[in-house]
Amino acid sequence: MRSKDSTQTYLDYAATTPVDPRVLEEMMPFFSENYGNPSSIHILGQMAESSIDKSRQTMAEMFNCLPEEIIFTSCGSESNNLALRGGALAARKEKKADHILISPVEHDAVSKTALQLTNEFNFELEYLPVNEHGQVLPSTVAKHLREDTAIVSVIFANNEIGSINNIAGIGQICRDAGVVFHTDAVQAAAHLPIDTKALKIDLLSVGAHKLYGPKGIGALYVRKGTSLFPTQTGGGQEFGLRAGTSNVAFIVGQAKAFQLAEEERDARQEKMIAMRDHLIYHVMENIPDVMITGHFSERLPNHASFVFKDVDGNELLMLLDIAGFACSSGSACKTGNPEPSYVLEALGIEKDWSLGSLRITLGQYTSEDDVYKFLEILPKIIVKHRNLRTS
Ligand SMILES: *Cc1c(COP(=O)(O)O)cnc(C)c1O
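Everything in this summary refers to the structure shown in the same document. (Residues numbered from 1 in each chain as written. Predicted model: local features only at pLDDT ≥ 70, side-chain atom pairs only at ≥ 80, totals over all residues. Heavy atoms only, no water.)

1. Here we look at a nonpolar patch on the surface
On the surface, Val19, Leu24, Met28 and Phe31 cluster together to form a nonpolar patch covering roughly 350 Å² of accessible area. As for its position among the elements, phenylalanine 31 is in helix H2 (residues 29-32). (Patch = residues over 30% accessible without salt bridge, like charges linked within 9 Å, V, L, I, M, F, W, Y side chains within 5 Å. Areas by Shrake-Rupley, 256 points an atom, 1.4 Å probe, with all protein chains shown as cover. Salt bridge = Lys/Arg side-chain N within 4 Å of Asp/Glu carboxyl O. Helix = DSSP H or I, 4+ residues; strand = E, 2+ residues; numbered from the N terminus.)

Dropping the structure here:
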């Protein structure tokens, strides 16, 4: 599948993905035919409700959990908000716990929620140290847990640098201490199996648009018995945890996207890893003064990220755009301010390197030919750009 501008090669699947036609087909009847409100008593309402039940069942099978442990939300960000704010407020009420532990490489939807809880609601925020790959070790969590820790949140797989955390290890530590553990799996769920029992998690956020589902729908896994304050109050939808008339079409589409991701995981992974490794190898071989960011092997199968010394990441993105390649410099913000990303800062990378970051994320519609073409052009663009800067 090509973007409308067929000269553009899309290599930014961690930012978002196109909707799979099979997902769209599944969603279509729920706009104008089967349009009932699932809360209504009549048959049209009941039909909508049964479709939601079915989607919840599908998600539960994917995550090895109970259907009532799945809460539908409007996006990954909302899931993170509900988990963190809802979890922290409930822990404060139940056990007077005011201490929040997160990693310094979280998505903004986690870190800014934690900051608001700190600045406006008097929680105490502490950042867990990460290693040079941006990973939080379980032993680090054990060291920082306290009696009054309300919630721990550690990202499953990093959107910017691709590193995967040992979530089961961290989960076990938190479970033993009786502290609620949340993980942002929005990026990870597109590629890795999510077994909530094996991973020992209490709260887990996902969203659909990173895995060929529509934008504007997500879910939060809430382990049975985990206390949460609803952050959106109103009707009793989603077991009282998320008010608002259910977005039936998108809920159905999300379930289909997850089902396809599960069925096709091995095939997708195999193709992705081969292309990713080819890309990483050639960039490291053919471009001087380059470093990979994130872990070398414990990384998302579609994810390659680098920093280039003495390169302006934003300018590099523009040059690549002109050459027909859509990439990213980390998180999806396009402000012009030349500050290094906080993720790269947390890794301790010097500024003359971290300002030159580049993220290439592959997807289902990426061909080997796309990668070859990209590898042909990237070294030339970097040489030209560096020459211009020093001339
Ligand atoms: C994209 C993303 C989010 C936000 O999800 P939305 O559905 O876009 O709100 C949160 N966390 C991570 C790791 C992401 O990659």
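The discussion continues.
2. Section: the sheet that holds strand E7 (residues 203-207)
Spatial strand order, E2-E8-E7-E6-E5-E3-E4: 7 strands in an open sheet with mixed pairing. Every interior strand has two partners, whereas the edge strands, strand E2 (70-73) and strand E4 (124-127), have only one. Neighbouring strand axes in the sheet, compared pairwise and without regard to direction, differ in orientation by 20° on average. Taken together, the 4 bridges between strand E3 (residues 99-102) and E4 define a ladder with parallel strand orientation. Bridging from a neighbouring strand, isoleucine 102 pairs with tyrosine 127 of E4. Those strands touched by helix H3 (residues 43-63) are E2, E7 and strand E8 (218-222), and its axis lies near 120° from that of E2. (Pairing = 2+ DSSP bridges. Axes fitted to C-alpha atoms, helices over the stretch in contact; angles between N-to-C directions. Contact = heavy atoms within 4.5 Å.)

3. Quick look at the nonpolar core
Judged by nonpolar contacts, the single largest core of 63 residues is most densely connected at Met59, Phe63, Val152, Phe156 and Val206. Residue contributions to this core peak at 10 residues, all from helix H9 (residues 248-263). (Core = buried A, V, L, I, M, F, W, Y, C linked by side-chain atoms within 4.5 Å. Buried < 20%, exposed > 50% of the residue type's maximum accessible area, 1.4 Å probe, protein only.)

4. Concerning the environment of glutamate 49
Of note, glutamate 49 is situated in helix H3. Exposure remark for glutamate 49: the relative accessible area of 32% places this residue in the partly exposed category. A C-alpha to C-alpha distance of 36 Å links glutamate 49 and isoleucine 170, two positions 121 residues apart in sequence.

5. Here we look at the site of the ligand
Residues in close proximity to the ligand include Cys75, Gly76, Ser77, Asn80, His107, Ile155, Asn159, Asp184, Val186, Gln187, His209 and Lys210, which together make up its full environment. Glycine 76 places a polar main-chain atom, nitrogen or oxygen, 2.8 Å from an oxygen atom of the ligand. In the complex, 89% of the free accessible area of the ligand, which totals 390 Å², lies under the protein chains. A breakdown of the residues in the shell around the ligand according to their chemical character gives 3 nonpolar, 7 polar and 2 charged. (Near = heavy atom within 4 Å. Polar contact = N/O pair within 3.5 Å; in protein donor to acceptor, adjacent residues only side chain to side chain. Nonpolar A, V, L, I, M, F, W, Y, C, P; charged D, E, K, R; others polar.)

6. Some thoughts on the pairing of strand E6 (residues 180-184)
The side chains of a regular strand alternate between both faces of the sheet. Here E6 lies mainly inside the structure; 4 of its 5 residues are buried. With 3 bridges joining them, strand E5 (residues 149-153) and E6 adopt parallel strand pairing. Paired with isoleucine 151 across the bridge in E6 is valine 180. With helix H7 (residues 167-177) bridging E5 and its parallel neighbour E6, the resulting β-α-β unit is right-handed. Bridge count for E6 against E7 is 3 bridges, and the pairing is parallel. Each residue of the ladder has a partner; that of histidine 182, found in E7, is leucine 203. (Right-handed = clockwise from strand over helix to strand, strands pointing away.)

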